[in-house]
Amino acid sequence: MSSAEQPHEEEHHDEVASSYVPPPPKSIGELVAADQEDESLRKYKETLLGNAIAENIVIVLVSEGQTEKTLDLSGDLSQLKQTVFTIKEGVQYRIRIEFYVQHEIVTGLKYIQKTYRKGIQVDKMTHMVGSYAPKKDLQSYTTPLEDAPSGLLYRGHYTVSSLFTDDDQNEHLKWEWSFEIKKDWN
């Protein structure tokens, strides 16, 4: 294995250290069993911890004046690398993440994206998505506005390694995908 291929094997723990300490994980049973004598709290927990029905995650590239480009993560993740997004150089864009949370509360959900060009890491983004309780409704998070690079040197093919993780270091989803920066959207 060449040294150019090794950045994909890096750990995602190279973030800035903070003083935040996540609470200890609790099972759904422990959460339901606590405060059983409070009727209103018990009913609220039943509503909150109900059955979420889907396990879909969709990534949407949103850019003003352009149709939304969607990356559906509910299928075969190994095929995503062959699907290549085209991004026009110099445009401003956002990434919208749509997902369902089911079964357990997710605390400190993070989206981590490492971008590689020719095997070398050129960018890393970490977005704190938030904490979510299970529910049937679609959850959504939109990243702040970002600028695509522009210029002849930045045009070309990029590979992205994406990861959803949480405060408990659970990897909820990990996948790779690709995009190309071009002079135009086509």
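Structural data are supplied above this passage.
Keep in mind the model is a prediction, meaning the values are calculated, not measured.

(A) Expanded view of empty space enclosed by the protein. For the structure on display, the rule yields one cavity of 30 Å³ or more. Around the largest cavity, the lining residues are Ile59, Val60, Leu61, Lys69, Phe85, Ile95 and Trp177. Residue composition of the lining of the largest cavity, by class: six nonpolar, no polar and one charged.

(B) Region of the structure containing the nonpolar core. In this structure, Ile97, Phe164, Trp175 and Trp177 are the most contacted members of the largest nonpolar core, which totals 31 residues. When residues of this core are traced back to their parent elements, those giving at least two are strand E1 (57-62), strand E3 (84-88), strand E4 (92-101), strand E5 (106-117), strand E6 (120-132), strand E9 (156-165) and strand E10 (171-182). Once you skip the residues sitting within four places of it in the chain, Trp175 turns out to touch Ile59, Leu71, Leu73, Leu77, Leu80, Tyr111, Val160, Ser161, Ser162, Leu163 and Phe164.

(C) Main features of unusual backbone geometry. Non-glycine residue Lys118 carries a positive phi angle of around 55°. Note on placement: Lys118 falls in the loop between E5 and E6. Of the residues examined, Lys118 reaches a relative accessible area of 73% and is grouped as exposed. In this model, Gln169 sits at a positive phi of 65°, which is unusual for a non-glycine residue. Here Gln169 falls in the partly exposed class, since its relative accessible area comes to 42%.

(D) Representation of the pattern of salt bridges in the model. Applying the stated criterion across every chain yields a total of five salt bridges. Of the charged contacts in the structure, one is a salt bridge between Glu98 and Arg96, with a shortest N-O distance of 2.8 Å. Lys182 is the salt-bridge partner of Glu180, the closest N and O atoms lying 3.6 Å from each other. The class of Lys182 is partly exposed, set by a relative accessible area of 29%. What emerges from the salt-bridge pattern is a single network uniting Glu68, Arg96 and Glu98.

(E) Structural context of the packing of aromatic side chains. Taken as a whole and assessed by the stated rule, the structure comprises seven aromatic pairs. Centre to centre, the rings of Phe99 and Tyr132 are 5.1 Å apart; their planes meet at 90°, and the pair counts as edge-to-face. Note that Phe99 is positioned in strand E4 and Tyr132 in strand E6, a separation of 33 residues in sequence. Here Phe99 and Tyr132 have matching classes, each one buried. Between the aromatic rings of Tyr111 and Trp175, the centroid separation amounts to 6.2 Å while the plane-to-plane angle is 25°, which identifies the pairing as stacked. Taken together, the residues span a long stretch of sequence, with Tyr111 in strand E5 and Trp175 in strand E10 at a distance of 64 residues. In this structure an aromatic cluster arises from ring pairing among Phe85, Tyr158, Trp177 and Phe179.

How each quantity is defined
- Sequence positions are assigned chain by chain, starting from 1 and proceeding in written order.
- Whole-chain, interface and lining totals are the exception, using all residues; otherwise, since this is a predicted model, local features are given only for residues with pLDDT of at least 70 and side-chain atom pairs are given and counted only at 80 or more.
- As a convention, hydrogens and water are excluded, and side-chain values are obtained from all of the structure's heavy atoms.
- Definitions used throughout: a 1 Å grid over protein atoms alone; a cavity as a set of points that fits a 1.4 Å probe which cannot get out; a pocket as an open set with protein on both sides within 12 Å along at least five of seven lines; a lining residue as one with an atom within 4 Å of a point.
- Grid points are joined across faces, edges and corners, and a volume is the space filled by probe spheres set on the points.
- Gly falls in the polar group here, along with every residue not listed as nonpolar (Ala, Val, Leu, Ile, Met, Phe, Trp, Tyr, Cys, Pro) or charged (Asp, Glu, Lys, Arg).
- Residues enter a nonpolar core if they are buried and are Ala, Val, Leu, Ile, Met, Phe, Trp, Tyr or Cys, with the set joined through side-chain atoms within 4.5 Å.
- Partly exposed describes any residue whose relative accessible area lies between the buried limit of under 20% and the exposed limit of over 50%, with all areas from a 1.4 Å probe on protein chains only and scaled to the type maximum.
- Put simply, DSSP H or I for four residues or longer makes a helix, DSSP E for two residues or longer makes a strand, and each gets a number counted from the N terminus.
- In this analysis, two residues are considered to be in contact whenever any of their non-hydrogen atoms come within 4.5 Å of each other.
- Criterion for a salt bridge: a side-chain nitrogen of Lys or Arg within 4 Å of a carboxyl oxygen of Asp or Glu.
- We call Phe, Tyr and Trp rings a pair once their centres come within 6.5 Å, taking the six-membered ring for Trp, and we label the pair stacked below 30 degrees between planes, edge-to-face above 60, and tilted otherwise.

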